[in-house]
Amino acid sequence: MIQVQHLSKVYKTRVGPRLVLNDVNLTLEQGRNVGILGRNGAGKSTLIKMLAGAERPTSGRIVRSMSVSWPLAFGGAFQTHLTGLDNLKFVCRIYGVDYRAVVDFVENFAELGVYFREPVSHYSHGMLTRLAFALSMAIEFDCFLIDEAMVVGDVRFHERCHVELFQKRKDRAFILVSHDANVIKLYCERACVLTDGRLREFATVDDAYDFYQESLAMAPAQTPEL
């Protein structure tokens, strides 16, 4: 289970403090899923980073009683002077996994060819994304964190990601954040909307969808995503 309890996040800016998340509460049980809708700049990526433990809240806490992935396709933690293979070994060592058991899967899924054994600093953004997603699938977690904005690539790559995550691991919990209501309706059994720093939960995905559409119609100009 994951329990988000009275979570708040404040960033210091040149014009003063900015409250991004305000008293956010959320519970996710093993094997269940939830989608979080929010326009660009609502704080979705900030919430995902805190759920992953990559960023600390200003107040509140997150209680985890199941293993939680890093944000899928997030390559920001790669050591750029190491090769893709060496990064795989490094991540596997951290999580106590024998890299030899997963190296063939990662190499085949990422489709990097000879670049798999070249420094990550030579990779394009798309190559980094493919390697990061492959690594995410190589380490088995109870709950996956999915920031839909991070998953880029062609249609074929998206289809392969769909099979690995939503078919082969359909028994796992996941939290999916997106600004696309159709993505949430397609994959999630329940949904919340993140707006004005607050997370609003709804009885059905359709109710969340309707509220989100109304909030978009009334929203001011967008700010950069945090």
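Values in this document were obtained by computation on a predicted structure and should not be read as measured data.

Calculation criteria
- Residues numbered from 1 in each chain as written.
- Predicted model: local features only at pLDDT ≥ 70, side-chain atom pairs only at ≥ 80, totals over all residues.
- Heavy atoms only, no water.
- Helix = DSSP H or I, 4+ residues; strand = E, 2+ residues; numbered from the N terminus.
- Rg over C-alpha atoms; globule rule 2.2 N^0.38 Å.
- Buried < 20%, exposed > 50% of the residue type's maximum accessible area, 1.4 Å probe, protein only.
- Contact = heavy atoms within 4.5 Å.
- Areas by Shrake-Rupley, 256 points an atom, 1.4 Å probe, with all protein chains shown as cover.
- Lys, Arg positive; Asp, Glu negative; His and termini not counted.
- Charge placed at Lys NZ, Arg CZ, Asp CG, Glu CD.
- Patch = residues over 30% accessible without salt bridge, like charges linked within 9 Å, V, L, I, M, F, W, Y side chains within 5 Å.
- Salt bridge = Lys/Arg side-chain N within 4 Å of Asp/Glu carboxyl O.
- Core = buried A, V, L, I, M, F, W, Y, C linked by side-chain atoms within 4.5 Å.

Visitor: Please clarify how the overall build of the chain should be interpreted in this entry.
Guide: On a plain count of helices and strands, the chain comes out with 7 helices and 9 strands. Expected size for 226 residues packed as a compact globule is a radius of gyration near 17 Å; at 18 Å, the chain falls within 12% of this value. Residue burial in the chain is summarised as follows: out of 226 residues, 45% are buried. For the chain, long-range pairs separated by at least 24 residues make up 70% of all intrachain contacts whose partners lie at least 6 apart in sequence. Accessible surface, the chain as shown: approximately 11,600 Å² in total, 51% of it carbon and sulfur. Here the chain holds 26 positive side-chain charges and 26 negative ones, and the gap between their average locations is 6 Å.

Visitor: Whenever I open this one, unusual backbone geometry confuses me. Can you help?
Guide: Glycine aside, negative phi is the norm for most residues, and most peptide bonds take the trans geometry. The phi dihedral of His-6 is positive, around 50°, even though this residue is not glycine. Phi is positive for Asp-23, close to 55°, though the residue is something other than glycine. Mapping Asp-23 onto the fold places it in strand E2 (residues 16–28).

Visitor: Explain a nonpolar patch on the surface to me, please; I cannot follow it from the model alone.
Guide: A surface patch of nonpolar side chains, about 290 Å² in accessible area, is lined by Phe-90, Ile-94 and Tyr-95. Mapped onto the elements, Tyr-95 comes out in helix H2 (residues 84–95). Looking at Tyr-95, the relative accessible area reads 38%, which means it is partly exposed.

Visitor: Help me out: how do you make sense of the pattern of salt bridges in this one?
Guide: Close approach of charged atoms allows side chains with opposite charge to pair. One pass over the full model with this rule turns up 13 salt bridges. As a salt-bridge pair, Arg-32 and Glu-189 come within 2.7 Å of each other at their nearest N and O atoms. Residue Arg-32 is found in the loop between E2 and strand E3 (33–37), and its partner Glu-189 is found in the loop between helix H6 (181–187) and strand E8 (191–195); the two are separated by 157 residues along the sequence. Glu-189 gets classed as partly exposed once you look at its relative accessible area, which sits at 38%. One salt bridge connects Arg-100 with Asp-98, and the closest N-O pair in it is separated by 3.1 Å. A residue is classified by how much of its surface remains accessible, and Arg-100, at 61% relative accessible area, is exposed. Judged by relative accessible area, Asp-98 falls into the partly exposed class, the value being 36%.

Visitor: Would you mind showing me how to read the nonpolar core here?
Guide: As a rule of thumb, soluble globular proteins bury nonpolar side chains together. Of all hydrophobic cores here, the largest spans 45 residues; its most connected members are Leu-88, Val-106, Phe-116, Leu-131, Phe-133, Leu-135 and Leu-165. Take this core: its biggest share by element is 8 residues, from helix H4 (residues 125–138). Discounting residues that sit within four places of it in the chain, Val-106 has contacts with Leu-88, Phe-116, Leu-131, Ala-134, Leu-135 and Ala-138. Among the nonpolar cores identified, the runner-up in size contains 26 residues, and Ile-2, Val-68, Cys-143 and Ile-175 belong to it.

Visitor: I'm lost on the environment of Met-137 in this one. Help?
Guide: Note on placement: Met-137 falls in helix H4. Of the residues examined, Met-137 reaches a relative accessible area of 1% and is grouped as buried. Here the alpha-carbon distance between Met-137 and Phe-105, two residues 32 residues apart in the chain, equals 9.0 Å. Apart from the residues lying within four places of it in its own chain, the contact partners of Met-137 are Leu-72, Phe-105, Phe-144, Glu-164, Leu-165 and Arg-169.

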